[in-house]
Structures are given as C-alpha cells and as structure tokens.
Amino acid sequence: MPIDAAKAVAAEPRSAEIAWDHKDIQLYHLGLGAGLPATDPDELRYTLESELHVLPSFATVAGAGMGVVGGLSAPGIEVNLAAVLHGGQDITLHRPIPVEGRATSASKVAAVYDKGKAAILVLRTEVADADGPLWTSDAQIFVRGEGGFGGDRGPSARVPAPEGEPDKVVERPVREDQALLYRLSGDWNPLHADPEFAKLAGFDKPILHGLCTYGMTLKAVVDTLLGGDVSRVRSYRTRFAGIVFPGETLRIRMWRTEGRVQATVTAVERDDAPVLADTIVEHS
C-alpha cells in the first residue's frame, strides 16, 4: 500500500541543524515584495540590517527542515509527486524569530487522514535553539488517489465566513519576476520558473509559490492591523484555495476581532478567484 499511516506516524523524528542570518531574512522579505518604497521607514524594517525584524512566516524557509519533498520520503510514505498538493500551512510562534540563529529542527509525519478519494499528510517541524522552542510548523499535504484506507477523516480546516464588511481591504501587486526571486530562499521547484515544465503541469505559465502568497498576506496583516509589530503574531494558518500568476494583483480582505484577524485572498484580474481561504492570524 502506498501509504502505511501507522508506520509513517510511528517513525522517529528526523533532526537537522539549521542556521540563518540577516542575508537570509532580507532575501526572504524581498521575495515577498518588501522594500517599496525603498526609503520608507516601515519597509526598512524588512530590508535594512540595522533595522531588521523577522516576519514569522520566515519559518517556512528557515534552514532545510523536512519540507514537503522530504516528508514524502518518510517511512511508510510512497506516493506520486504529480498527485501532491500543498493544502494548508500552520505556524505557531513560541517567541520572536531572531535575525541570526542556529537551531535544531525535528520533523515527522504527525498525522495521516483519510478523506475518501485522497489522503492528507500533516508534516510537523519543531524548531528550538539553545534558549528553548522557537516555532512549530505544520504543512498539510493533499495526496490525490491515496484515500480510502479506512483511517480517521481528521478535523475540518474550514472557518465560518466572517460577518459584515471587512475592516480593511488592501491590494498587493505581484511582480513579474517575483517567483524567480522568492525561489532563491530555497524552493527550486521548476513549476515556478520554467514555462515548459509549467505547461506539463497543466498551466499556461509558471505560477507563484503558495508560500510566497502566504508570506505576502501576513506582511499585509502585520503592516495594516498590527502596527508593523511582528512580535505580536502568535500563530498563522491558511488553506491554499487557488493559484497566483506573477504579474497579478492580490486583494486581501481583513476582518478584525479580539486577538485575531481573519483574511481572504483573491486574484483581482481573474474576477477575484480564491487564492487563500480559512486564514487566521492570532495575535497579542
């Protein structure tokens, strides 16, 4: 059987030493579109080493980690990569991420859910440095054609639709070269750069990384509703609902309640086609 859920979940975590410094942080932020206008004090917090703070979504690219591909090579997991989709992403921050750090990353398959026609793998990475835990990251991986093994269906990721008009709506342009810059932070999938590969995958041209949209959305929430203070973010989760092409514009709608911001993200040029859904930022 391609997925042995019990074997995958029982496997020992795989550990790795990871490290990053200000150059990695700056490159990641630039890949999200930070730095415009270049001399804006609010943007310099993302781009100038003497002012630098770390957007919590940097956790998705810090060091090697297990990553999606690594998780799919875990014991008990044998699937066709063409059937794999990144379904969702969840990060819990235990304290602010330092600008420079060395840490230990422990990764494993935390759960395997049976959705009938598909399976969902939860790939969990826990990162800690000498001072203790830094963050926990869960990637939900949707594997088509691998369900029906009689396992637990798992929890629903859907969040009730917010009521009323959003408290804030912002638009963020995606540069034509943004995927090329973002991939320098470690995701070398040719789907995001090679037109011929993109066509083989069923797209007219390369698409933007889902985790780039994820980071752009968190930056918009922090800058718009959290006073630019990244240390206020406690957790951040989303479900990937659609694709983005470089050159398009993201429309980010935000609803604020006590201690949380709920958001939806759509592609403006494609009649507000859904991009991110069930998106929650918990904050102090």
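For the structure, see preceding data.
Keep in mind it's a predicted model, so treat the numbers as computed, not measured. (Residues numbered from 1 in each chain as written. Predicted model: local features only at pLDDT ≥ 70, side-chain atom pairs only at ≥ 80, totals over all residues. Heavy atoms only, no water.)

(A) Representation of unusual backbone geometry within the structure. Note that the residue after Leu 36, namely Pro 37, is joined by a cis bond; omega there is -5 degrees. The backbone phi angle of Asp 272 is positive, close to 60 degrees, even though this residue is not glycine. Relative to the helices and strands, Asp 272 resides in the loop between strand E9 (260–267) and strand E10 (273–283). Since its relative accessible area comes to 23%, Asp 272 is described here as partly exposed. (Helix = DSSP H or I, 4+ residues; strand = E, 2+ residues; numbered from the N terminus. Buried < 20%, exposed > 50% of the residue type's maximum accessible area, 1.4 Å probe, protein only.)

(B) The arrangement of the environment of Ser 50 in detail. Within the secondary structure layout, Ser 50 lies in the loop between helix H3 (41–47) and helix H4 (67–71). Spatially, the C-alpha atom of Ser 50 lies 41 Å from that of Val 84, the residues being 34 residues apart in sequence.

(C) Focus on the packing of aromatic side chains. A complete count under the given rule lists 6 aromatic pairs for this structure. Grouping aromatic residues by their ring pairs yields a cluster made of Trp 20, Tyr 28, Phe 58, Trp 135 and Tyr 182. The ring centre of Tyr 46 lies 4.6 Å from the NZ or CZ of Lys 219, which sits over that ring. (Phe/Tyr/Trp six-rings, centres within 6.5 Å; stacked < 30°, edge-to-face > 60°. Lys NZ or Arg CZ within 6 Å of the ring centre and 35° of its normal.)

(D) Examining the side chain of Asp 114 more closely. Here Asp 114 lies in strand E3 (residues 101–114). Of the side chains bearing the opposite charge, Arg 153 lies closest to the buried Asp 114, which forms no salt bridge; the N-O distance is 6.0 Å. (Lys, Arg positive; Asp, Glu negative; His and termini not counted. Salt bridge = Lys/Arg side-chain N within 4 Å of Asp/Glu carboxyl O.)

(E) Highlighting the nonpolar core. Core analysis: the biggest nonpolar cluster contains 51 residues, and Trp 20, Phe 58, Ile 97, Trp 135, Val 222 and Met 254 have the highest contact counts within it. By residue number, the principal contributor to this core is helix H7 (residues 210–225), which donates 9 residues. Excluding residues that lie within four positions of it along the chain, Trp 135 makes contacts with Ile 18, Trp 20, Ala 59, Ala 62, Thr 92, Leu 93, His 94, Ile 97, Thr 125, Glu 126 and Val 127. One finds Ala 74, Ile 77, Val 84 and Leu 121 within the second-largest nonpolar core, a separate group that totals 15 residues. (Core = buried A, V, L, I, M, F, W, Y, C linked by side-chain atoms within 4.5 Å. Contact = heavy atoms within 4.5 Å.)

(F) Here's a closer look at the pairing of strand E8 (residues 249–257). Where strand E6 (residues 168–173) lies against E8, 6 bridges are found, and the strand directions are antiparallel. Looking at E8, one finds that Val 169 is bridged to Arg 253. Pairing between E8 and E9: 8 bridges, direction antiparallel. Bridge pairing in E9 links Arg 251 to Thr 266. Hairpin connection from E8 to E9: 2 residues lie between these consecutive antiparallel strands, with Gly 259 at a positive phi of about 80 degrees. (Pairing = 2+ DSSP bridges.)

(G) Region of interest: the environment of Gly 31. Relative to the elements of secondary structure, Gly 31 occurs in helix H2 (residues 22–31). Classification of Gly 31 as buried rests on a relative accessible area of 0%. Remark: the alpha-carbon pair of Gly 31 and Tyr 236, spanning 205 residues in sequence, is separated by 19 Å. What Gly 31 contacts, discounting residues up to four positions off in sequence, is Gln 178, Leu 181, Tyr 182 and Cys 212.

(H) Expanded view of the sheet that holds E3. Strand order in this open sheet of 10 strands is E1-E3-E4-E5-E2-E7-E10-E9-E8-E6, and the pairing throughout is antiparallel. At either end of the open sheet lies a strand with only one pairing partner, and these are strand E1 (14–20) and E6. Each neighbouring strand pair of the sheet contributes to a mean axis angle of 20 degrees, computed without reference to strand direction. Here strand E4 (residues 118–129) runs beside strand E5 (residues 132–144); their pairing, made up of 12 bridges, is antiparallel. Paired with Leu 121 across the strands is Ile 141, a residue of E5. (Axes fitted to C-alpha atoms, helices over the stretch in contact; angles between N-to-C directions.)

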